[in-house]
Amino acid sequence: MNNYETVFILNPVLSDEQIKETVKKYEDFLVSKGAKMVAKEDWGLRKLAYAIQHKKSGFYHLFEYEAPGEVIEPLELEFRREERMMRYLTVKLDKHAIAWAEKRRKRNKEKA
């Protein structure tokens, strides 16, 4: 099992219900493939550095999870097929990145 972090940007014209539905869809997909969710973060609507599909903002979400390496390719294939998805990035975390992510989660809990 490897540790991964996936950040994805959803289309800004979606309703709250559509966003929740899409996030739940990919969370369920990961769990069905044997992944263990470590953390989920909703970063909300943010301005993009440059226009993507003629849009200047998007809804950002982060998944942090443990999964076998074979899960990533089917996940990204599903991302490419999704019309609501504007961009995504999956990164394999090393021990230093895992420690940093834990510190970030702890800091975010203290702020909340």
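Residues numbered from 1 in each chain as written. Predicted model: local features only at pLDDT ≥ 70, side-chain atom pairs only at ≥ 80, totals over all residues. Heavy atoms only, no water.

**Topic: the nonpolar core**
Piece 1. F8, L10, L30, F63, Y65 and L75 are the most contacted members of the largest nonpolar core, which has 20 residues in total.
Piece 2. Mapped by element, the contributors of at least two residues to this core are β1 (2-10), α1 (16-32), β3 (55-67) and α2 (72-81).
Piece 3. Element by element, the count of residues in this core is highest for α1, at 5 residues.
Piece 4. Residues contacting L30, with those up to four places away along its chain left out, are A35, M37, F63, Y65, V71 and L75.
Piece 5. Formed by 5 residues, the second largest nonpolar core is a distinct cluster that contains I9, I52, Y60 and M86. (Core = buried A, V, L, I, M, F, W, Y, C linked by side-chain atoms within 4.5 Å. Buried < 20%, exposed > 50% of the residue type's maximum accessible area, 1.4 Å probe, protein only. Helix = DSSP H or I, 4+ residues; strand = E, 2+ residues; numbered from the N terminus. Contact = heavy atoms within 4.5 Å.)

**Remarks on the pairing of β3**
Looking along a regular strand, one sees side chains alternate from face to face of the sheet.
Piece 1. Across 9 bridges, β1 lies against β3 in antiparallel orientation. Of the residues in β3, the one forming a bridge with T6 is F63.
Piece 2. In terms of strand pairing, strand β2 (residues 36-52) meets β3 through 11 bridges, oriented antiparallel. Each bridged residue has a counterpart across the sheet, and for R46 the counterpart in β3 is G58.
Piece 3. Hairpin geometry of β2 and β3 is characterised by an intervening segment of 2 residues between the two adjacent antiparallel strands and by a positive phi of about 55° at Q53. (Pairing = 2+ DSSP bridges.)

**Looking at the environment of A35**
Piece 1. For A35, the location among the structural elements is in the loop between α1 and β2.
Piece 2. In this structure A35 comes out as buried when scored by relative accessible area, which is 9%.
Piece 3. Separated by 34 residues in sequence, A35 and M1 have C-alpha atoms that sit 8.4 Å apart.

**Regarding the packing of aromatic side chains**
The relation between two aromatic rings is expressed through the spacing of the ring centres and the mutual angle of the planes.
Piece 1. Applying the stated criterion across every chain yields a total of 7 aromatic pairs.
Piece 2. Taking 5.2 Å as the distance between ring centres and 75° as the angle between the ring planes, the aromatic pair formed by F8 and F63 counts as edge-to-face. Of this pair, F8 sits in strand β1 while F63 is found in strand β3, placing the two residues 55 residues apart along the sequence.
Piece 3. On the accessibility criterion, F8 (0% relative accessible area) is buried.
Piece 4. Residue classification places F63 among the buried residues on the basis of a relative accessible area of 2%. (Phe/Tyr/Trp six-rings, centres within 6.5 Å; stacked < 30°, edge-to-face > 60°.)

**Some points on the confidence of the model for the protein**
Piece 1. Here the protein averages 93 in pLDDT, and 100% of its residues register 70 or above.
Piece 2. Per-element confidence in the protein is highest for strand β4 (residues 85-92), whose mean pLDDT is 96, and lowest for helix α3 (residues 95-111), whose mean pLDDT is 90. (pLDDT = per-residue confidence, 0-100.)

**Description of the pattern of salt bridges**
Piece 1. In total, this model carries 9 salt bridges according to the counting rule given.
Piece 2. Taking the shortest distance from any N to any O, the salt bridge between E78 and R81 comes out at 3.5 Å. Of this pair, E78 and R81 both sit in helix α2, separated by 3 residues, roughly a single helical turn.
Piece 3. The class of E78 is partly exposed, set by a relative accessible area of 23%. (Salt bridge = Lys/Arg side-chain N within 4 Å of Asp/Glu carboxyl O.)

**Some details on the sheet that holds β4**
Piece 1. Spatial ordering of the open sheet is given by β2-β3-β1-β4, a layout of 4 strands whose pairing is antiparallel. Bordering the open sheet on either side are β2 and β4, each of which pairs with just one other strand. Across the sheet, the mean angle separating the axes of adjacent strands is 20° when strand polarity is ignored.
Piece 2. Sheet contacts for α3: β1, β2 and β3; angle to β2, the most-contacted strand, approximately 85°. (Axes fitted to C-alpha atoms, helices over the stretch in contact; angles between N-to-C directions.)

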